[in-house]
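One-letter residues, chain by chain:
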Amino acid sequence: MSFDRSIKIAPSILSADFANFGTEIRAIEAQGCDWVHVDVMDGHFVPNLTFGPPAVKAFRPHVGTVMDVHLMIAPVDPYIEAFAEAGSDIITAHVEAGPHIHRTLQAIRANGAKAGIALNPGTPAEAVDYLLDMVDLICVMTVNPGFGGQKFIHSQIEKVRTLRKMIGDRPIHIEIDGGVDPTTAPLVAEAGADVLVAGSAVFKGGSVEMPEVYGENIRAIRTAATEALRAVA
Ligand code: DX5
Ligand code: ZN
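Residues numbered from 1 in each chain as written. Chains lettered and ligands numbered in written order. Predicted model: local features only at pLDDT ≥ 70, side-chain atom pairs only at ≥ 80, totals over all residues. Heavy atoms only, no water.

## Here's the deal with the overall build of the chain
Within the chain, the secondary structure is distributed over 8 helices and 8 strands. The C-alpha atoms of the chain give 16 Å as radius of gyration, which agrees with the globular expectation for 233 residues (17 Å, within 12%). Across its three principal directions, the C-alpha atoms of the chain cover 45 × 45 × 35 Å. Evaluated residue by residue, the chain yields a buried proportion of 53% over its 233 residues. A sequence separation of at least 24 residues applies to 66% of the contacts in the chain between residues at least 6 apart. For the chain, the exposed surface amounts to about 9,700 Å²; the carbon and sulfur share of it is 54%. For the chain, the centre of its 18 positive side-chain charges and the centre of its 28 negative side-chain charges are spaced 4 Å apart. (Helix = DSSP H or I, 4+ residues; strand = E, 2+ residues; numbered from the N terminus. Rg over C-alpha atoms; globule rule 2.2 N^0.38 Å. Buried < 20%, exposed > 50% of the residue type's maximum accessible area, 1.4 Å probe, protein only. Contact = heavy atoms within 4.5 Å. Areas by Shrake-Rupley, 256 points an atom, 1.4 Å probe, with all protein chains shown as cover. Lys, Arg positive; Asp, Glu negative; His and termini not counted. Charge placed at Lys NZ, Arg CZ, Asp CG, Glu CD.)

See the structure below:
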């Protein structure tokens, strides 16, 4: 995985057909997505339940790009090894998930994955102070984690701007998660984000029988974001 700041679209398979993950993953990749975003929820840190390591391991052979695993679980440390062994390229843990985020990030890298840190909407950018040299990605939650299809929280755009300044020249991605669509993508791209997670905005209107709709949705988000960048350049 080489580093660059170009816009990357990462569909969240939380909005895919749960009976057809392999086909859905292959479809979004064939339709031009850059990464595949996997939302792991525990019914405790967030009020919803999704996948454990065996499911993530089953997704792996279908992912030809980057498997971006977002852990919304607490505690997180006991599961890092299993999610790394399942083939996660990036493992993102929440700063709010426990008292020892520094240790968590160390453990992610020690297990051979890239390390991401996620911030809930109520958590300030400064939470990543002293951690910048141990992260590969910062995920700014633009909804309260737990469900797809929620409304984008505009106050987070300023946080993205602040983080972009804090990062400077470090090779750290800024990822946006929640409520990303062609209307909100330009706002966060312009503020400095490069990875755009989108669940409902990618999968809406499409299906494994009509995967070309995924392609149209991915292109609409990408075009909106890249045009916003061109306008400020
Ligand atoms: C929310 C998840 C997101 C979610 C995004 O807790 O982390 O990845 O699936 O869904 P949309 O794009 O529908 O807001
Ligand atoms: Zn997510």
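After presenting the structure, the write-up continues.
## As for the packing of aromatic side chains
All told, the structure shown has 6 aromatic pairs when counted by the stated rule. Their ring planes at 65° and their centres at 4.9 Å tell us that Phe203 and Tyr214 sit as a pair that is edge-to-face. Here Phe203 is found in helix H7 (residues 200–203), whereas its partner Tyr214 is found in helix H8 (residues 212–232), with 11 residues between them in sequence. Taken as a pair, Phe203 and Tyr214 share a single burial class, namely buried. One aromatic cluster in this structure is built from Phe18, Phe21, Phe51 and Phe59. (Phe/Tyr/Trp six-rings, centres within 6.5 Å; stacked < 30°, edge-to-face > 60°.)

## A few points about the coordination of the zinc ion (ligand 2)
Protein ligation of the zinc ion (ligand 2) involves His37 (NE2), Asp39 (OD), His70 (ND1) and Asp177 (OD), the donor distances falling in the range 2.0 to 2.3 Å. Every donor counted, the 6 donor atoms about the zinc ion (ligand 2) form angles of 68 to 168° at the centre, which fits octahedral coordination. Binding-site remark: the zinc ion (ligand 2) is held by donors from one chain whose sequence spacing is H-x1-D-x30-H-x106-D. Of this pair, Asp39 sits in strand E2 (residues 36–41) while His70 is found in strand E3 (residues 67–72), placing the two residues 31 residues apart along the sequence. Accessibility classification places Asp39 together with His70 in one group, the buried group. (Donors = N, O, S within 2.8 Å, 3.2 Å for Na, K, Ca; no water. Tetrahedral: all angles 85-135°; square planar, octahedral: opposite > 155°, others 65-115°.)

## Description of helix H4 (residues 101–110)
Of all the positions in H4, only Ile101, Thr104, Leu105 and Ile108 are classed as buried. For H4, the angular spread of the buried residues around the axis is 95°, confining them to a single face. Buried positions along H4 lie against helix H3 (80–85), strand E4 (90–94) and strand E5 (114–119). (Arc of directions from axis to C-beta.)

## What about helix H5 (residues 156–167)?
Every α-helix winds through 3.6 residues per turn, so residues three or four apart in the chain are directed the same way. End to end, H5 covers 16 Å across 12 residues, agreeing with the expected 16 Å (1.5 Å per residue, within 8%). For H5, every residue scored as buried is listed here: Gln156, Ile157, Lys159, Val160, Leu163 and Ile167. Seen from one end, H5 has its buried residues packed into an arc of 150°, which puts them on one side. Where the residues of H5 are buried, they touch E5, strand E6 (137–141), strand E7 (173–177) and helix H6 (185–191). Directly after H5, the chain includes Gly168, whose backbone phi takes a positive value near 55°. (Expected span 1.5 Å × (residues − 1).)

## Considering unusual backbone geometry
One can expect most non-glycine residues to show negative phi and most peptide bonds to be in trans. Here the residue pair Ala74 and Pro75 is connected by a cis peptide bond, since its omega of 0° sits within 30 degrees of zero. Positive phi values are uncommon outside glycine, yet Tyr130 reaches one of about 75°. You can see Tyr130 is positioned in the loop between E5 and E6. Residue classification places Tyr130 among the exposed positions, given a relative accessible area of 79%.

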